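Close look at the chain arrangement
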Amino acid sequence: MIEALDYIGFRSPNAAEWETFGPEVLGVQLAAPGPGGAVRMRVDDAAHRLTIHPGDADDLAYLGWGVRGPAALADAAARLEAEGLDVRRGDAGLAAERGVTELAWFTDLFGFRHELAWGQLTEPAGFRPGRPLSGFLTGGQGLGHAVLIVPDLDAAEAFYGRVMGFRVSDQIDMHGVPVRFYHCNGRHHSLALVHVPGVVGYHHLMLETTALDDVGTAYDVVLERGIPLAMTLGRHTNDLMTSFYVRTPSGFEIEYGYGGVPIADTPPSPRAFAKTSIWGHHFPGEPLLPGIAKPFPQEEQ
Ligand SMILES: [Fe+2]
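Residues numbered from 1 in each chain as written. Predicted model: local features only at pLDDT ≥ 70, side-chain atom pairs only at ≥ 80, totals over all residues. Heavy atoms only, no water.

Under the convention used in this document: UniProt positions are given in the numbering used here, feature names are shortened, and annotations may be inferred rather than shown by experiment.
Looking at an unreviewed UniProt entry, the chain carries the name VOC family protein, with the source organism given as Actinomadura parmotrematis. Recorded in UniProt under Sequence similarities (unreviewed entry), the annotation for the chain is "Belongs to the extradiol ring-cleavage dioxygenase family." The heading Cofactor (unreviewed entry) in the UniProt record of the chain holds the text "Fe(2+)".

What follows is the structure in structure tokens.
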């Protein structure tokens, strides 16, 4: 039922820092700000795909998943309601704010907000990167991939797989922590789940460039400015992405990569890997705890 990760939003006390971090480090284009001073960013001809809303604490605000049109949205909403979920629809103002034609949203078993939408607003005048850059790989593969930290992998798979329709790509044992990867289009994975008992959170967002040099020039900017790395340059075992992980001003990481293998070029039966990387992806001198993590279930206030 889901075709792609179309957009994503976060809340952060440091939203304003993205006005420089976005264009100068990531090379994205700033769009006009959204309501409440939200920093909106472009990576292609879509009006905006990445938004940081000012807020009290760093957190994922929503994942925006594209569906094929109005009938697909109605079918998806009916399917989610049949699973007992409270699906909200018909908010034209919210759809306009997100830059889509129509959307429905719900909160899943771990508290993540998912928005299903179609008709993403597009500006054919095109994308102007914030610094010299060949571009970002989007199109049929969507914005990139999102990685969630979940406390129960079986329950997560039952929901994201069976209910939302994501298909397993493969699995990596990351230093004893299972990470499972899922696809919904030609991208190797649009969603991955890191299993950490008792924890719910957001790990990273991957943006893929259209040239290896874009990764190298971004790496130079990060090193020159002394921006913390979560992992050094390396190449992944499963999707063969050459990438590094930079800490954003909002507590989560951006994986900035090039050269991910399409899912069609991997075996149909999911593989498993005992390490994340062929080379590199080392933790820097002082390792960062990855991403935004919160106890689950939420502690009583
Ligand atoms: Fe990734």
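What follows picks up the thread again.
Quick notes on the coordination of the iron ion
Rule in force here: Each metal's donors comprise the N, O and S atoms found within 2.8 Å of it (within 3.2 Å for Na, K or Ca). Water is not part of the atom list, so some coordination spheres may appear incomplete. Helix and strand definitions follow DSSP, with helices as H or I runs of at least four residues and strands as E runs of at least two, each counted in order from the N terminus. Burial classification: accessible surface area is computed with a 1.4 Å probe over protein chains only, and a residue below 20% of its type maximum counts as buried, one above 50% as exposed, and the rest as partly exposed.
Distances from the iron ion to its protein donors, His145 (NE2), His204 (NE2) and Glu255 (OE), fall at 1.9 to 2.2 Å. Donor residues for the iron ion sit on one chain with the sequence pattern H-x58-H-x50-E. Of this pair, His145 sits in strand E9 (residues 145-150) while Glu255 sits in strand E16 (residues 253-258), placing them 110 residues apart in sequence. Residues His145 and Glu255 agree in their burial class; the two are buried.

Some details on helix H2 (residues 70-82)
This is how it is decided: One fewer than the residue count of a helix, multiplied by 1.5 Å, yields its expected span. Picture the helix axis, draw a direction to every C-beta atom, and the arc is the one those directions span. By definition, residues are in contact when any of their heavy atoms lie within 4.5 Å.
Taking 1.5 Å of rise per residue, the 13 residues of H2 would be expected to cover 18 Å, and the 18 Å separating its terminal C-alpha atoms lies within 8% of that figure. Listed in full, the buried residues belonging to H2 are Leu73, Ala76, Ala77 and Leu80. Seen end-on, H2 carries its buried residues on one side only, within an arc spanning 100°. Along H2, exposed side chains directed more than 90 degrees from the buried face belong to Ala71, Asp75 and Ala82. Where H2 is buried, its residues contact strand E6 (88-89), strand E7 (102-107), strand E8 (113-118) and helix H4 (153-163). Just downstream of H2 lies Gly84, where phi reads positive at about 90°.

Side note on the nonpolar core
Quick note on the threshold: Among buried residues, those of type Ala, Val, Leu, Ile, Met, Phe, Trp, Tyr and Cys that are joined through side-chain atoms within 4.5 Å constitute a nonpolar core.
Grouped together as the largest cluster of nonpolar side chains are 64 residues, with contacts concentrated most on Ile8, Leu148, Tyr160 and Leu205. Non-local contacts of Leu205, meaning those with residues more than four positions away in its chain, are made with Leu5, Ile8, Leu50, Leu143, His145, Phe252, Glu253, Ile254 and Glu255.

As for the pattern of salt bridges
Note the following rule: For this document, the term salt bridge refers to a Lys or Arg side-chain nitrogen within 4 Å of an Asp or Glu carboxyl oxygen.
As enumerated under the stated definition, the model contains 14 salt bridges in all. Two residues, Arg98 and Glu97, come together in a salt bridge whose shortest N-O distance is 3.6 Å. What makes Glu97 partly exposed here is its relative accessible area of 25%. In this structure, Glu253 engages Arg247 in a salt bridge whose closest nitrogen and oxygen atoms are separated by 2.3 Å. Assessed through its relative accessible area of 1%, Glu253 is described here as buried. Through salt bridges with shared partners, one network takes in Glu97, Arg98, Arg113 and Glu115.

Quick look at the pairing of E16
The criterion, for reference: Being paired, for any two strands, means DSSP has found at least two bridges between them.
Counting buried residues in E16 gives five out of six residues, a clear majority hidden from the surface. Note that strand E13 (residues 199-209) and E16 share six bridges and pair parallel. Within E16, the residue paired with Leu205 across the bridge is Ile254. Bridge count for strand E15 (residues 242-247) against E16 is six bridges, and the pairing is antiparallel. Pairing of Phe244 across the sheet is with Tyr256, part of E16.

A short note on the domain arrangement of the chain
Stated precisely, the cut-off is as follows: Boundaries between domains were set according to an automatic or database domain assignment. Note: buried area is the sum, over both parts, of the accessible area (probe 1.4 Å) each one loses when the two are combined.
Partitioning the chain into domains gives domain 1 (4-118) and domain 2 (139-295). In this structure, domain 1 and domain 2 have C-alpha centres spaced 20 Å apart. Contacts between domain 1 and domain 2 engage 33 residues on the former and 43 residues on the latter. Between domain 1 and domain 2, the buried area comes to about 3,000 Å², and carbon and sulfur atoms account for 74% of it. When the buried area of domain 1 at its contact with domain 2 is split by residue, Leu5, Val25 and Phe110 rank highest and sum to 19% of it. Note that Lys294 and Asp59 form a salt bridge whose closest N and O atoms lie 2.9 Å from each other.

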